[in-house]
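# A closer look at the structure
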Amino acid sequence: MHPGIIFFLVILGSVLFHIFTPWYWTDVASNWGGMDDTITLTFWVGGGVFIAVCLFMVYCVFKFSYKKDRKAEYKPEDKKLEKILTLATTLGVAALLAPGLIIWNQYITVPKNAIEIDVMAWQWGWQYRLPGEDGKLGTTQVTNVNDNNPFGINLDDPYGKDDVMIQGDVINLENNKPVKILLRSVDVLHNWYVPQFRAKMDAVPGIVTYYWFEPNKTGEYEVLCAEYCGVGHYGMRGGVVVQDNQAYESWIQEQETFSDLIAKQKILEDGETKLAKK
Amino acid sequence: MKETKLYEEKVVDAHEEHHEQSFIRKYIFSEDHKTIAKQFLITGIFWAIIGGAFSFLFRIQLGFPNVDLTSLSPIIGNWLTPQGKIDPEVYLALITMHGTIMVFFVLTAGLSGTFLNFLIPLQLGARDMASGFLNMFSYWFFFLSSVIMLTSIFVEGGPASGGWTVYPPLSALPQAVSGSGLGMTLWLVSMSFFVVSALLGALNYITTVINLRTEGMTFFRMPLTIWAFLITAILGVLSFPVLLSAALLLIMDRTFGTSFYLSDIYIAGEALSNQGGSAILFQHLFWFLGHPEVYIVILPSLGIASEVIATCSRKPIFGYKAMVYSLIGIGILSFVVWAHHMFISGMNPFLGSVFTILTLIIAVPSAIKSFNYIATLWRGNIIFTPAMLFSIGLVSFFISGGVTGLFLGNSVIDINLHDTYFVVAHFHIVMGSASFFGLFSGVYHWFPKMFGRMMNRNLGYVHFWFTFIGAYLVFFPLHYIGIAGFPRRYYSFTNFEAGKIESFMDLNVFVTIAAGITFAAQFIFLFNFFYSIYRGRKASQNPWKSNTLEWTTPVNPGHGNWPGKIPKVERWAYDYSKPGAKEDFIPQNVPYSKTPESNLPEDEHH
């Protein structure tokens, strides 16, 4: 069998797989549909180049395979052809760069009205808090971290008192409202990723990183950890519920603030001391 | 030039005085570049088998998570859970070691160590490397590094399991993952010796290329293999020391309580005292090596492909100077794109745009190289040796992997695809498969020069068919799992809500079976390789009718390579099918005065 066949089959197989693949992205549920468009554009440009160049290679492999009475052409270079190809590649690359740079710029520019959500990552789980009525998150310190204070909020910081502490690992978001995800980690690197939102960023101990998106489809989504973090990495899931204004408001009313929790804790502890005294 | 000659004569004299060296000096502590090259090759093959076997084990976990491996327990006994599954911690150790082994021990040491050592003196017309002594040390530091890395697999807590990129804090804290105990310490020690080996080798390669070219071998008469090797060595010298410093700082953090990479950590119920370090600093240092490293891995293969494609197309390589400038361009650019591995690491977001632009520029010299390979085939007279098939396969991988590079280099697309299987697919094609294909191509092509015998051609074809189709079947579908958002380094993909979990399972089964067949096919190569060393058909002096100098040595070149004087170089390496010439090749040592029938007015330029 002629070896050209195998190189052809690879091109044919790739194209067919791409057309008929049942495995592809889930529907986008945020404002980052532009990322999908950039992928699609790159598939057209890159895929086109791949098909054209590889088909030409296959043609050469068939057409110029060895014949005893033929002599290869002696042509060490062709400056004009090289210039054209270099220019074409440069233009192609620039065409891919332009939309990419524009959307990246949007990605790193957080809208002013974005709601801040503080996400704390640890081996292996997620914890959320919201700024509360004063609109400001309380400052934190790693030495304060314990089971009752997973963020390590400073107890004497007035801004921290009204922080809304979400119990459990599911966070609710209001549909069509931009959110700024603030990311922290207490141990190793993590990454808060919901495939349907398309966006992600590492959580790095010692600093607060962020990104933003605007959910635009109500529903329940799964949070994955997308930065390798040890044995529990594959099971480090959480949840997001995107709901409309009314449902969101009633959900947020049910949540407890940091001072609520501290007070509760105090009652518990007092009870325990009393029990111990008896 | 004069000094070079003095040196050469000295070597010849010394060589003639005591012809037979002791077994130990000849085969073990050898200073002969050809023997050292074979040592690197055999050690690299050993590591490739281990690295490949590890990948097959974790592919079993991904494709058949419920299979009972108890029957394998005599070999991998304590790596299994009581149910006979691969233990989750072992799984992580396997992926970490697979990456470390393949990137560093096989495709850096195995590939560069073999072909840079073997071909630089032979193709340049040198008796040996500039310093045979340091060259010997380069191998033995690699050997030491290998022994330590191998030992680490069997220690308490298992080998390093923080991923081959060993990002802290995971790699810094034994509390975070069990492999970050003794296993990680040994990893760091092993890699430190590895860097020493790489530096000794690279300094030798550079010195040899600059100083020991034979008479007439100007820079622009060097074969493209040598150009690729020279750039590879320069990249190594400039980038490996940075890995060493990253490793040393990590050792300090782990052992001496410093805080280069650590800050504000609460782990295992305890707040650590480390303050002010930056985990991102490590990533900058690591990728400052890591990105040039992927070119250290691929450039030798591209060099080999240039040589093999020109020889087997019986045609001059198209655009020789463009190829050289592309190599230099790729080399320079490789130092200013490292942060494209870190778009979403939490570094300053503005850097994303800068590194996107710089990264996509690399597409231009890379595309020039691909075009020129194919333009070399155009109107050639192509002989499909196994080496040639592997080289064309390399071009195919370099194009398809380059195209997916356009996705990942673009920060906007990388946001979604980062740390998913798309990345795994991309680098296994463009860096893994392409450079493995260069390695295979080189072995098939220069085997006659290494061992004086030919490898079996038909077995070579079978090996190629299985490996080429197999690699595409394994890696191509993985792109699509990545687009669906599946993260890499997951032990299991059960209970997944994003996407249709059932059908993804089918795909994982398919990929695992393809990987198994591809891995098994490598034993065809191993058999062919070892069998041919002893029983292969005897080679002629110049079996591929090639122009380069190594084919002017005797079939089995001795110490010093040429028994008499070193040939003088009269022309460039690519006078194939020159109009008017009697044969379709004119070796580099044939003077123009002997070929009046084919001389061209522009020949002076070569």
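Below is a summary of the structure that appears in this document. (Residues numbered from 1 in each chain as written. Chains lettered and ligands numbered in written order. Predicted model: local features only at pLDDT ≥ 70, side-chain atom pairs only at ≥ 80, totals over all residues.)

Turning our attention to the overall build of chain B. Secondary structure assignment for chain B yields 17 helices and 2 strands. Taken against the 2.2 N^0.38 rule, which gives 25 Å for 606 residues, the C-alpha radius of gyration of chain B at 25 Å falls within 12% of a compact globule. Projecting the C-alpha coordinates of chain B onto the three principal axes gives extents of approximately 80 × 55 × 50 Å. Burial analysis of chain B (606 residues in total) assigns 60% to the buried set. Expressed as a percentage of contacts within chain B between residues at least 6 apart in sequence, the contacts between residues at least 24 apart total 79%. (Helix = DSSP H or I, 4+ residues; strand = E, 2+ residues; numbered from the N terminus. Rg over C-alpha atoms; globule rule 2.2 N^0.38 Å. Buried ≥ 20, exposed ≤ 12 C-beta atoms within 10 Å, placed from the backbone. Contact = placed C-beta atoms within 7 Å.)

On to the sheet that holds strand S3 (residues 164–166) of chain A, then. Residue and element names in this part refer to chain A. Spatial ordering of the open sheet is given by S8-S5-S1-S2-S3-S11, a layout of 6 strands whose pairing is mixed. The open sheet has two free edges, formed respectively by strand S8 (209–213) and strand S11 (256–257), since each of these has just one partner strand. Pairing analysis gives 5 bridges linking strand S5 (residues 179–185) to S8, with the strands arranged antiparallel. Among the inter-strand pairings, isoleucine 181 is bridged to a residue of S8, identified as tyrosine 211. (Pairing = 2+ DSSP bridges.)

In this section: the pairing of strand S10 (residues 238–243) of chain A. Regular strands show a simple pattern: their side chains alternate between the two faces of the sheet. Residues and elements named next belong to chain A. Covered by surrounding structure in S10 are Gly238, Val240 and Val242 only, the residues Gly239, Val241 and Gln243 on the alternate face being uncovered. Bridge analysis of strand S4 (residues 170–174) against S10 gives 5 bridges, and the strand direction is parallel. Bridging from a neighbouring strand, isoleucine 171 pairs with valine 240 of S10.

Moving on, we get to the packing of helix H5 (residues 88–124) of chain B against helix H7 (residues 182–211) of chain B. All names here are of chain B. With their axes 11 Å apart at the nearest point, H5 and H7 run at an angle of 20° to one another. As judged from the angle between their axes, H5 and H7 are roughly parallel. As for the relative orientation of H5 and H7, their crossing is left-handed in sense. Where H5 approaches H7, its residues Phe104, Thr108, Ala109, Ser112, Gly113, Leu116, Ile120, Pro121 and Leu124 are matched on the opposing element by Phe194, Ser197, Ala198, Gly201, Tyr205, Thr208 and Val209. (Axes fitted to C-alpha atoms, helices over the stretch in contact; angles between N-to-C directions. Parallel < 35°, antiparallel > 145°, perpendicular 65-115°, else oblique. Left-handed = near helix turned anticlockwise from the far one by under 90°.)

The next thing to look at is the nonpolar core. In summary, soluble globular proteins display a tendency toward joint burial of nonpolar side chains. Core analysis: the biggest nonpolar cluster contains 263 residues, and Met57(A), Val119(A), Ile181(A), Trp192(A), Ile374(B), Val395(B) and Ala434(B) have the highest contact counts within it. For this core, the leading source of residues is H5(B), giving 23 residues. Excluding its chain neighbours within four sequence positions, the residues that come into contact with Ile374(B) are Val53(A), Phe56(A), Met57(A), Cys60(A) and Val395(B). (Core = buried A, V, L, I, M, F, W, Y, C linked by C-beta atoms within 7 Å.)

A separate point is the sheet that holds strand S6 (residues 190–193) of chain A. Residues and elements named next belong to chain A. If you trace the 5 strands from one edge of the open sheet to the other, you get S4-S10-S9-S6-S7, paired in mixed fashion. Only two strands of the sheet have a single partner each, and these edge strands are S4 and strand S7 (202–203). Pairing of strand S9 (residues 219–225) with S10 involves 5 bridges; the strand directions are antiparallel. By the bridge assignment for S10, tyrosine 221 is matched with valine 240. In this fold helix H5 (residues 245–254) packs onto S4 and S10, with an angle of close to 135° to the strand it touches most, S4.

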